Structure formats: C-alpha cells, structure tokens
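Descriptive analysis of the structure
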Amino acid sequence: MTSTAQMDRQVVEAPKRGLARLNIQVENIASGVVLVGLVIALSLVSPAFLSFSNFLDIARVVAITGIIAAGMTLVIITGGIDLSVGSTVGLVGAVTASLVANSASNSEFVTAFKLPVPLAVLVGLAVGSLIGFVNGLIITKTKIEPFMATLGSMIFVKGLLYLFTGGYPVNFQPMPDDFAFIGQGALLGIPTPVWLFAVVVVALWWISRRTTVGRAIYAIGGNPEAARLSGLKVERTKIMVYTLLGFLAGLAGIILTSRLASATTVNGTGFELIAISGVVIGGTSLVGGRGSVVGSLIGVFTVGVIQNALNLFGASTQVQYVVTGLVLLLAISLDGIARRRRRT
Amino acid sequence: MVASSTSQPLLRMEGITKSFGNVQVLHGVDLSVGRGEVLGLLGENGAGKSTLLNILNGVIERDAGSIHIDGEPAEFAGPKQAQDAGLAFIHQELSVLPYLTVAENVFLGRLPRRRGAPWLVDWAACYKQAGEILERLAVKIDPRTIVGRLGTAEQELVEIAKALSMNARIITMDEPTASLTEAEIERLFTLMRALKADGVSVVYVSHRLHEVAEICDRATILRDGKIVSTVDARTTSSHSLATMMVGRELSELFPKTEHERGRETLRVSGLSTVKLNDVSLAAHQGEILGIAGLVGSGRTELARAIFGADSITAGEIFVNGEKVTVDSPGAAIRHGIGLVPEDRKLQGAVLSMSNAHNISLARMSKVSRFGQLNRGGEKQEAKRLIQDLQVYPPRAEQETGRLSGGNQQKVVLAKWLFAGSRILIVDEPTRGVDVGARAAIHGLLNELAGEGATIIMISSDLPEVMGMSDRILVMHEGRIAGELARKDFSEEAIVMYASGLEPTKEGSKA
C-alpha cells in the first residue's frame, strides 16, 4: 500500500522548531509572555514591585482563588462551568469555623460542640465535596446546562450560609494555633496557603496530563459523543470533576476563614468570577476540550499582579474592577480569534 | 442544448496559481466549462479542488492567472461580486437557515420590498416568486415551509432554487450527493439535466465515480495542484478515472479477497429497540457482512444497539457463543466489539486531541498502570498504527482535526485496532473520503477479515457494499427484509428488498 502520491506532499509538513519542540501550547506562551511583560514593565516603574516580600504577598492573595481556578480548569475543559464555588467557600468556611475550638457567634447553629482542628477541616472538605457532587449529579442526570444548574446551587448554597450563620459572623476568641497555621502560618519562609496552592497545581497538572482520567476529561470536552462511543464513563468523570472542584472550593474557604480569623456571609463572594477569569486568561477555552492547569496558574498570577500593581499605585477598588474586567475581555477576544484561526 | 465544443466556453480559467505560505497548492490550472455543460471536477482530498473552487467563487484571491466568463475578464473582490457575475456555490455542508421559510431562504438578503414602502417586505411577491422558481425546478415544496422540517435532499433543492433566483449561470456543487439516498440522487440528476437544457453550467465535485459517468459531460482530474487530464466522462471507466486521480494503478476498485469463513463470532437474536423490530443475525470469523438499506431503515440503530450505545427493549447478544450483556459501549469494547460511527466529526474522533490520544482512547488501560499513562509506550504504539494505516501526515502529535476526512477515518480505525476489536462494525466507512484513502480503508477491512476478524459494514454505496461483502443483509423499516449470498448480489435485488418488496426472478438475475 505504499504511495508515491502521499510522499510527494511531504512538503506540507513543516519541521518542528524551537519552542514547538517543547510541546508547549501556544495559548500558554501568549499568556506567559503577557505576564512576563507585565512583571518587567512594573519593576521598571516601581522598585517596590520587584521584591521577594511583594512576590510572597501576590502569591498569598492568588493562592486562595488559584486553588479554585485549578479545579475550575478541569470543569471548563469538560465543557462545563461552576458558578457555585464562591458560595461554597462561604458555607464551608462558616461550618468549619463553627466546629473549631473557641469559635463563637450569635447563630444558634454555632454551639459548644467542637472538634479537633483536623476533624473540623475534614468535615468542611466533606461539605464542599458534597456540594460539588450534587452539582455533578444534577448536571449529568437532568442534562441542565452547567451554567444554569450551578447558578441555582450558587443561590441555594448562599441561602444555606445565611441560614447557618443567621447573618452573623463566626469569630474566634482566640483562634487556636493549629487552625491559624492554615491561613496565616509559614513553612521555610513560604506562607502555608502558597504551599497548599503549589500542591494543588502539581496534583491537578498531573491528573490532567498524565492519567487516564485526565485524558477522559479532555476527550469529553472535545467531543462527548465520541468519548462515550470510545467506552469512556462520561457521567462518572464529570461528577468526579465537579466533586473535586467542590472539595477545592472548600479548601479555599477554610484557608480564607483562617486568614481573616472570621467567617462571614460575604466570604467568597465573587470568587467564581475571579477563578473563571484566571482560567480564561490562561488560555483554557470555554467551549471545552482545550486548556491547561499551568495556563490557569499563569492566568491567576496575571490577575494578581495587575491588582497588586494597582494597589502599589494606590488605585481605588473601583478602578481595579475596571482594569480586571478589561483584561478578561481582552483574553476572551484573543481566545475567540485563536479559535477562528484554527477553523480556517 | 448548446454544444460546448462549437461555441466559446462560458467559463474559462487559465494559469490559476495559488500558494499558502511557502506551499504551492495550484500550479497553473486551466479549466473550461461550456454553456449547459456539467463538468466533473475530480481529485483526492488535498489535490487543490477546494482552493480552485474558492478562487472561482471569489472566496479567496488567486496569485496569478485569469478567469473569463462569456469571454469577459472577471475580477472578484469577494463572494458577493462572484454572485453578481452569475456564480453560485453550493457547499457540501448546506448553508440554509433552518428556522426560516423556504421563500425567506431563497431571497435571503434580497427579500422583495413593497412599492411605496421599501422598508416593508412584500410577502405576497416573495412567496409567489419563490413558488415560481420551485415550479421551474419541478419541486413540490410549499415556499412557506420551515426549512428545518425538510429532508437534506429538499434542503439542497432550496439551495439550488436560491442560486437560480440570483440568475446563476455557473453553479458549483461540492459533493451534493454525499448524504442523499438513491432516489433523491436520481431526482437531483433529473433537475441537473433540466438546468443543462436551460443553458446553466455546473461544476460537479464528487468522490462517487459512477455518478460522474452518469451525470457529467466531461471530467477534469486534478492531482497535486495540476490538471492531469480532461476526459469524456461518459466513455471513461471509473477505474481509469480513479487511476488518474491517485496517480498509480489501483489493482481493483473493490479488491475483494476471499478468505475462509470461520466459526460464528456474533449472534444477535430478537433485538428490538424503539427503531428496531425483532432483528436476528449471525456473523462469522473472516467474514465481511454487508448491511444495506435506505437511510432511516434502522441500519445505524442496529449498529448502535449491538454496540451498547442505545438501550434495547428486547433481544439477546452472543459473542463467541456466550450470551453477553452489552449495556454500554464500554461493555461492548470489553467483549471485543468496535464501532466506527457514521459521523466522523460528531461521533468518531475527538478533533481537538492528537492522533496518538485518539488512537489510545478506547483502551487506555493498555498503556497505563494504576491510571497513570505510559506516554512513551502510547506514542510508540500510535506511531506504529499511523505507519501501518498510512495516516498523513504521519505524526502522532498532530491534532486530528487538522487531517483530511480520509485520514481522520484512518485514525478512528486505528483506535479499534489499538483496542484489539475482533468484531468491527463500520457505519458508512468511506463517506466523504477520497479515492486513495477509500482504497486503503477497503484494503484494511479485507486484511482484518483475512486475519480472522468479523467485519459488519453498513453502506449506502451499493457498488461498495456489493464489492466488499461476503453476504448482505438488507434492512427495511427496522427489520431485516432480505439476505443475499455473494453469488446472488445485484443492485436490483437490494433495492427491491430495501423498498420492502420481494425481488422478482428476473430482477435478481439482471
């Protein structure tokens, strides 16, 4: 079956050169270049920017939403989305806080019943995972659009948070050291949240790129019917991915509560948007099938660096919103242009 | 009809050259079409047909060369100018708007306006004019029908009506018969003959060579961006057309190889679903079992039911004599069944993934331990299959969506070879696939059968299903209407069974 006609057309294939050989996605390169450019420009303008302590500041801020963004990446690669993570952050934070020693609140649900910190954390993570699991169940069994399904659970979980706290904050008098360590501690000079963020990113990168589950996630997002006809367990994989995101949102909620030493009803509000922005800026396509955890890491850092710079320049919160929104719009437009290029 | 040889051609393209980047796609192509002529344009995928047609219809610009229409030089700045000059392009994937009426589609962007109130649409005139055009085409469709309710064939007729409403003189049709049934194709051909009589010219692209012989006057063969030859389509055999397209001798169009029929591997008894009614069949080692029938007769549903993709209401499936439960594609795969689905892009391949990842998809367990992929092993295995099946370009990391249709289909086949399927169901395996890839796919199916695999081949292409199969089952309205042994194969017998009739004695002999 050898064919000379096919050999003749060999010219069509360009040899792989330079960066292409490293097998890095073009989207990653683009967002990476933007981030590096930003860092260079900012260090030239403001000497305060380029210092190790400022970098740690950025990382500490980015870590919490970054953990959510990493999980959100997998959800978006399957072609889904989850708007409920911000509410999950709030609820898990409040539930965990209520179970930690010395916590107090005017809420009738915050009782004298307390657990050791590791157990309280486990309960919190279980609550987050459960919310994610239910999201996955609703999306796969009722075939409701993920956007609508999780919009519903976002409001529902927020409602639970109000019910649970009665609208009152949960505070500590004082916070136990082992719980404080999660959000405020440090190991080898690196803040604990940054360590946790690093572990999450490495784990999710590994899952997405090196395991059969990860491959299934990409296949399901790229072509759900082809994935199903290749014997992949589409529903189970989706449920798994939403559960994992719920778990990570719970983790973020626990870190945030420890860092602020308080669980309030506004904790986590808007986190879903920051996380989704980071994922999209990092080059993951909202259509599904394409994207990477590493891209999202770059994306959340880009948002973090911009916000940090605006802080250094003393810009108001309002201006920060405007700038972050502009960056997101820019990223989405670039995604759209890249997709049109691929089609032609 | 005006004889094309005596008058000057309606369309003349000369020395058309086009490069994308540093790849030259067209090398000085000459082409002419006479008034009222149907010109077949043949070539493998990648030969430059699409580029040439896009240049003709003003979609892309040429680097060099000239286009004359009726002796006048034609320069198109875009598709709109080409339309104004009397060109129409009917794409393989139809561009009708499904939620609008037939008349609205026909006059899209040019709806007749009311006199004295040009901001209002004159609906009466719109439906009347659309009705007149449809009448001219001898098509019985109400212009008020919502297009989405029409079948594919009728939607195609709407596209042709649209072209005529713009006074198109040269209509380009890119694989218009790809998704039509035999009867619908006949209807289209009748229409094309009427267009010819009216002096409308057609540039006709198809991979089905017997159709070219039936409808085209001349055929121009394009290979690697150059014109190989222009021949009389009615007197040139399909075999020599194919040879010219591929540029090498195809030993035979359907090189059926005989092999020993072994023991029974698959038995289906009393299978029923929403669309299937009490279907029973048996297939054997080394056998290619053809399944023919009209589109919608339940062929695809049968394949999906055996593969566990659709739920069954009754019936049993036996693999190698053992009763098995196939309630999901995963279960089917574990029992060694594979399915190459009908729609490659929507069901077959994950276009956003690489060839290697597509190939390992149905059985990742083969290249993983405890869920962790052995990417080196995966790539090696994929490369071997890519070489065996001559996927072009032969790269494991290449994104499958960037391959031509035929090569995408090879990747889907490679997936089942990787998964080690011993019972392979292929649904329209060569639809929209060029001649070279088609021959390769046929060769592969023969080879697999020779190695003792069981192949079940669904096809609407009668020469294909008759050329390849050892036995043919013909379906009609969710049932098996008839069975033919190889010695009894005839188009007539298949068509009779497919229409729910018993073949007559003369019919089966003809």
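Note that the structure is predicted; figures quoted are calculated from it, not measured.

Contacts between the two partners involve 33 residues from chain A and, on the opposite side, 48 residues from chain B. In total, chain A and chain B occlude about 3,400 Å² of area from one another, counting both sides; carbon and sulfur atoms represent 51% of this. Summed over the shared surface of chain A and chain B, the result is 3 salt bridges. In this structure, the salt-bridge partner of B:Glu378 is A:Arg215, at a minimum N-O distance of 2.5 Å.

Residue and element names in this part refer to chain B. One ladder, built from 5 bridges, connects strand 13 (residues 264–272) with strand 16 (residues 314–319); its direction is antiparallel. Bridge pairing in strand 16 links Ser272 to Ala314. With 3 bridges joining them, strand 16 and strand 17 (residues 322–324) adopt antiparallel strand pairing. By the bridge assignment, Ile317 is partnered in strand 17 with Val324. If you look at the hairpin formed by strand 16 and strand 17, you'll find 2 residues sitting between the two strands, and Asn320 has a positive phi there, around 50 degrees.

Here we come to helix 14 (residues 405–419) of chain B. Residue and element names in this part refer to chain B. In a regular helix each residue adds 1.5 Å, so 15 residues correspond to 21 Å; helix 14 covers 22 Å between its end C-alpha atoms and thus fits that length. Along helix 14, 14 of the 15 residues are buried, which leaves the element largely enclosed by surrounding structure. One or two steps after helix 14, the chain reaches Gly420, where phi turns positive at roughly 70 degrees.

Here we come to the domain arrangement of chain B. Residue and element names in this part refer to chain B. Domain boundaries in chain B define domain 1 (11–246) and domain 2 (264–351 + 420–509). Measuring from the centre of the C-alpha atoms in domain 1 to the corresponding centre in domain 2 gives 34 Å. Facing 12 residues of domain 1, the contacting portion of domain 2 comprises 12 residues. Summed over both partners, the interface of domain 1 with domain 2 buries about 1,000 Å², with 61% contributed by carbon and sulfur atoms. Here domain 1 is connected to domain 2 by 0 salt bridges.

Bringing a nonpolar patch on the surface into the picture now. Residues and elements named next belong to chain A. Among the surface-exposed residues, Val36, Ile40, Leu44, Val45, Leu312 and Phe313 lie close enough to one another that they form a single nonpolar patch of about 620 Å² accessible area. Broken down by element, the nonpolar patch gets its largest block of residues, 4 residues, from helix 2 (residues 26–45). Relative to the helices and strands, Ile40 is located in helix 2. Given a relative accessible area of 48%, Ile40 falls into the partly exposed group.

Thresholds, definitions, all that
- Residues numbered from 1 in each chain as written.
- Chains lettered and ligands numbered in written order.
- Predicted model: local features only at pLDDT ≥ 70, side-chain atom pairs only at ≥ 80, totals over all residues.
- Heavy atoms only, no water.
- Contact = heavy atoms within 4.5 Å.
- Buried area = accessible area lost by both parts, 1.4 Å probe.
- Salt bridge = Lys/Arg side-chain N within 4 Å of Asp/Glu carboxyl O.
- Pairing = 2+ DSSP bridges.
- Helix = DSSP H or I, 4+ residues; strand = E, 2+ residues; numbered from the N terminus.
- Expected span 1.5 Å × (residues − 1).
- Buried < 20%, exposed > 50% of the residue type's maximum accessible area, 1.4 Å probe, protein only.
- Domains from an automatic or database assignment.
- Patch = residues over 30% accessible without salt bridge, like charges linked within 9 Å, V, L, I, M, F, W, Y side chains within 5 Å.
- Areas by Shrake-Rupley, 256 points an atom, 1.4 Å probe, with all protein chains shown as cover.

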